[in-house]
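Okay, here's what each chain looks like letter by letter:
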Amino acid sequence: MTRRLLLGAFLFHPGGSHVSGWRHETAEPHRHVDVDYYADFAETAERGIFDTIFLADGLYFWDRFPSGVDHYGQTRLEPLTLLSALAARTSSIGLAATVSTSYNEPYHVARAIASLDHISKGRAAWNLVTSRYPEEARNFGGDEHLDHALRYERGAEFVGLVQRLWDSWADDAIIADRESGIFADPDKLHVAEHRGAHFAVRGPLNVSRPPQGYPVLFQAGGSDAGQELAAATADAVFARSLPFVEAQRFYAGLKARVVAHGRDADDVSILPQLRPVVARTSAEARALAAGILASTPDAIVVEDVAHSIGQALPDDPDAVIVAAPDTDIANESKSPNRRLARLHSGERLTPRDLYAESFWESVSVGSAQEVADDVQERFENGAADGFVVQALTQPQGFRDFVDLVVPELQRRGLTRTAYEESTLRERLGLVRPARRVPEPVAR
Ligand SMILES: Cc1cc2nc3c(=O)[nH]c(=O)nc-3n(C[C@H](O)[C@H](O)[C@H](O)COP(=O)(O)O)c2cc1C
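Residues numbered from 1 in each chain as written. Predicted model: local features only at pLDDT ≥ 70, side-chain atom pairs only at ≥ 80, totals over all residues. Heavy atoms only, no water.

K.L.:
Describe the nonpolar core, with residues and values.
P.N.:
The nonpolar side chains of soluble globular proteins are, as a tendency, buried together. With 65 residues, the main nonpolar core has Phe-50, Ile-53, Trp-126, Trp-166, Phe-398 and Phe-401 as its most contacted residues. If we ignore the near neighbours within four places in the chain, the residues touching Trp-126 are Ala-97, Val-99, Thr-101, Val-109, Ile-113, Phe-158, Val-159, Val-162, Trp-166, Val-216, Leu-217 and Phe-218. One finds Val-301, Ile-321, Leu-340 and Leu-349 within the second-largest nonpolar core, a separate group that totals 26 residues. (Core = buried A, V, L, I, M, F, W, Y, C linked by side-chain atoms within 4.5 Å. Buried < 20%, exposed > 50% of the residue type's maximum accessible area, 1.4 Å probe, protein only. Contact = heavy atoms within 4.5 Å.)

The structure is reproduced here in structure tokens:
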């Protein structure tokens, strides 16, 4: 089978993946809780023959810094509820929701995602996260966020248990024989009776087996624990956008972990972030990107850097940072922290320096050909199996990608021009997992 580039359409901040994308002249900031706004996004992604839409999420309102309220456009709809509505407005595209294993219960999650898989006729996916911020813990009775190692341990038990609950019913367990009055075959029902370190769940699920068997599992953890969980359980991994050589190293390292877990390297697809800014000409695209960066309020520049290095900073975005030696944000993420590494190496940097450099490093700017070149190079040189496309502005930035870059990728034979398979699992070339339950005890 020819290797095909996978595409996911990402949405977190409804105005676009750049935090002040909502300020762009083409943005529609008053429509962030309007289902038709999201249906338009999903239909645009389906027009681009994307494999899935991917709704990121967090169980908090970001107000640790004033800019969170003043400048972030972060009110949005809950992913699973929204995807159920979008299932009716689309026919082929995958529907991936971010759901936390730290602040949810396995029975709820198994039931909701199985229901979405039935509602969408086999297009549901789950982006498993363990959450990051103490602000999330405070919405679920805690003061501090769960310890990093503990939450990944809980996450591993959680995902195994959800799959066991999806295995409650055999595909042919429902008989519904009016004549005899028998609705289901008890020998084809499995009661989990799970007792683990974090959960005690009897089961069975009261939703029959999902069309995909197991809805597709995405993950986005970048730490050692995150990559280990993904290598053992995920179908695809969303990765941070990294410079080319680092991206190749991350790709090779994660594939090696997958094989070390006794799986085939191709069982897990790696989809880094792609933050495209595309226009008819390179100069136009560069000007567009510079305009988006310039639309970022100074307060966000300072507070974004302060958050990422775990250190309070003066309001002036042009003041050289005096890095405190002992800042600790490791419980939020154990992925490599590039900004801190540079500051601790003694470089004299300002918040504006760091913010602008991260911005330009993270975007792919240019004409359709130039962005397609960047994509093709990474796809063909062991840095990606596909990309999660995070348009900086919505809806226009994403429409530009679908109208300009997708036809170029299709012309190069990298992506397809029509949907063929019916379920997301089939489309990703993944087998439908067999039901894993112990043989029934003879009654
Ligand atoms: C492309 C991408 C998308 C992500 N989406 C989410 C999300 O929707 N919700 C969330 O809580 N974390 C999200 N994360 C963060 C990860 O779940 C994880 O917290 C982060 O990568 C740190 O991982 P670590 O704890 O393994 O270091 C995302 C990360 C990436 C790279």
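K.L.:
Please set out the site of the ligand residue by residue, giving values where relevant.
P.N.:
The local shell around the ligand holds 20 residues, among which Asp-57, His-148, Tyr-152, Ala-220 and Ser-223 are the closest. Take His-148: an N or O atom from its side chain is 2.8 Å from an oxygen atom of the ligand. One of the side-chain nitrogen or oxygen atoms of Ser-223 is found 2.5 Å away from an oxygen atom of the ligand. For the ligand, the accessible surface in isolation is 610 Å², of which the surrounding protein chains cover 92%. Where the shell around the ligand is concerned, the elements lending two or more residues are β4 (124-129), α6 (148-166) and β10 (236-239). Each residue belonging to the shell around the ligand can be placed in one class, and the counts come to six nonpolar, ten polar and four charged. (Near = heavy atom within 4 Å. Polar contact = N/O pair within 3.5 Å; in protein donor to acceptor, adjacent residues only side chain to side chain. Areas by Shrake-Rupley, 256 points an atom, 1.4 Å probe, with all protein chains shown as cover. Helix = DSSP H or I, 4+ residues; strand = E, 2+ residues; numbered from the N terminus. Nonpolar A, V, L, I, M, F, W, Y, C, P; charged D, E, K, R; others polar.)

K.L.:
Could you give an account of the packing of helix α13 (residues 368-380) against helix α14 (residues 396-411), naming the residues involved and the relevant values?
P.N.:
Here α13 crosses α14 at 55°, and the two axes come no closer than 9 Å. On the basis of their axis angle, the class for α13 and α14 is oblique. Two packed elements cross with a definite hand, and for α13 against α14 that hand is right-handed. On α14, the residues that touch Ala-368, Gln-369, Val-371, Ala-372 and Val-375 of α13 are Phe-401, Leu-404, Val-405, Glu-408 and Leu-409. Class assignment of the residues belonging to the contact of α13 with α14 gives a composition of eight nonpolar, one polar and one charged. (Axes fitted to C-alpha atoms, helices over the stretch in contact; angles between N-to-C directions. Parallel < 35°, antiparallel > 145°, perpendicular 65-115°, else oblique. Left-handed = near helix turned anticlockwise from the far one by under 90°.)

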